[in-house]
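Each chain is listed here by its residues.
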Amino acid sequence: MAIVQLKDICKQFDGGEANAVDHFDLTTRDGEFVVLVGPSGCGKTTTMRMIAGLEEISKGELWIGDRNVDGIPAKDRDIAMVFQSYALYPHMSVRENMAFSLKLKKRPKAEITKAVNDAAEILGIQNLLDRKPKALSGGQRQRVALGRAIVRQPQVFLMDEPLSNLDAKMRVEMRAEIVKLHRKLGVTTFYVTHDQVEAMTMGQRIVVMRDGYIQQIDAPNALYERPVNMFVAGFIGTPSMNFLKARVDDASQRLIGEGFSIAMEKAHETALANHLGREVWAGVRPEHLDLVTDANAGTTDNQLTGTVEVIEPLGAVTIVQVRVGEHIVTAELDSHTSLAMGDPAALTCDSHKLHLFDAASEKTLLETSDSGKRTTGDAKTTTA
Ligand SMILES: Nc1ncnc2c1ncn2[C@@H]1O[C@H](COP(=O)(O)OP(=O)(O)OP(=O)(O)O)[C@@H](O)[C@H]1O
Ligand SMILES: [Mg+2]
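Residues numbered from 1 in each chain as written. Chains lettered and ligands numbered in written order. Predicted model: local features only at pLDDT ≥ 70, side-chain atom pairs only at ≥ 80, totals over all residues. Heavy atoms only, no water.

Student: Mind showing me how you'd approach helix H1 (residues 44-52) here?
Tutor: The periodicity of an α-helix, 3.6 residues per turn, causes residues three or four positions apart to be oriented the same way. With seven of nine residues buried, H1 is to be regarded as a mostly interior element. Turning to H1, its buried residues number three or more, namely Lys-44, Thr-46, Thr-47, Met-48, Met-50, Ile-51 and Ala-52. Residue Gly-53 follows H1 closely and has a positive phi angle near 90 degrees. (Buried < 20%, exposed > 50% of the residue type's maximum accessible area, 1.4 Å probe, protein only. Helix = DSSP H or I, 4+ residues; strand = E, 2+ residues; numbered from the N terminus.)

Student: Sorry if this is basic, but what is going on with the site of ligand 1 here?
Tutor: All residues in the neighbourhood of ligand 1 are listed as Phe-13, Ala-20, Ser-40, Gly-41, Cys-42, Gly-43, Lys-44, Thr-45, Thr-46 and Glu-161. Contact between ligand 1 and Gly-41: an oxygen atom at 2.7 Å from a main-chain N or O atom of the residue. Relative to its unbound accessible surface of 640 Å², ligand 1 loses 55% to contact with the protein. Tallied by class, residues from the shell around ligand 1 come to three nonpolar, five polar and two charged. (Near = heavy atom within 4 Å. Polar contact = N/O pair within 3.5 Å; in protein donor to acceptor, adjacent residues only side chain to side chain. Areas by Shrake-Rupley, 256 points an atom, 1.4 Å probe, with all protein chains shown as cover. Nonpolar A, V, L, I, M, F, W, Y, C, P; charged D, E, K, R; others polar.)

Student: What should I look at first to understand the sheet that holds strand S6 (residues 79-83) in this one?
Tutor: Two strands in a sheet stick together by hydrogen bonds in their backbones, pointing the same way (parallel) or opposite ways (antiparallel). Within the open sheet, the six strands sit side by side as S6-S7-S8-S3-S9-S10. Their pairing is mixed. Two strands bound the open sheet, and with one partner strand each, they are S6 and strand S10 (213-218). On average, each strand axis in the sheet is tilted by 15 degrees relative to the strand beside it, whichever way the strands run. Here strand S3 (residues 33-37) runs beside strand S9 (residues 205-210); their pairing, made up of four bridges, is parallel. Within the sheet, the bridge partner assigned to Val-34 lies in S9 and is Arg-205. (Pairing = 2+ DSSP bridges. Axes fitted to C-alpha atoms, helices over the stretch in contact; angles between N-to-C directions.)

Student: So what exactly am I meant to see when it comes to the domain arrangement of the protein here?
Tutor: How big an interface is tends to be reported as the loss of accessible area on association of its parts. For the protein, the assigned domains are domain 1 (4-225) and domain 2 (239-367). For domain 1 versus domain 2, the separation of C-alpha centres amounts to 40 Å. (Domains from an automatic or database assignment.)

Here's what the structure looks like:
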């Protein structure tokens, strides 16, 4: 176990124009599970490879525990990696695969046997130890790959999209197992995914990245409730947050746009004080929209009215897309909704849950958490 410190790390590849990783700054807690998430090419793997020692750092410092590891080769960093292509040695049994790294280190036989057996027990693969990889299912192979990492009892685990070869159901199972494993072993872990659900369910803290920059580092709920900008707001949560261009109407104290009118809450007044008469982005999550029906019509405010364009029944809920003026608004509704395509529909939103963003910078106008504040300064905005 160890605290890992990435101090203002940059990575520029030879010939690369922009930095692949730009001023990455993060100190983990001891034993923390940190998830790196972001779209393809945002620098997740590069960051992991720098921690691992497989890629040189162009600028900054990297500390693992009380060691500055600049110049220390990968094999001496006391790190174990599980990557997407976790090639197991096909000619070796599971046992041999798991024992391999310890054998290389010339550990005593008894110690290797114990380490392999312990790891196999933790992962529930004792009965597979004599099989060859080809006789295993994808999930079982994944467990063996984890087993290979566990036997080394590293100070840090690095896992880069380790589940992406698995089918959806197996991914859900394995991600729960990795979380349990982390709880049991308490090893500081960096986990990469581009799946925001995986990030939310696994991470103690999540680092949202874009174009090499950290956008926000926060606990899952803080990311969801207090995203620092529209990129994070749109990236975290599914279906994605709706963004509506709205005019801040001073006289009526409302946010107004074609097809909608939403009352400003007390909490919004300070946020919008400098935006009176101007346009802002209003962000509404699909799950915070409700259908206006005959029964609640008299008691609802904050309506968005338009025409139903898409209906997706998912069983537990129904996702509808409603054209409201120039916007397509996605709403997550009760599964019993009787709407049909082409129907006029009125939605009502919970204005306490409304997000507000500056029209130009796309940064939030609302309060953020301390960690959000720290990172928002140099965050890139979604406008390229
Ligand atoms: N060896 C390399 N030489 C030059 N550029 C590289 C190299 N490796 C990565 N890059 C570039 O650095 C950027 C970040 O790549 P990286 O692999 O870290 O992204 P990622 O977030 O892991 O993406 P993905 O989700 O697709 O795995 C990309 O623009 C990529 O093209
Ligand atoms: Mg990658």
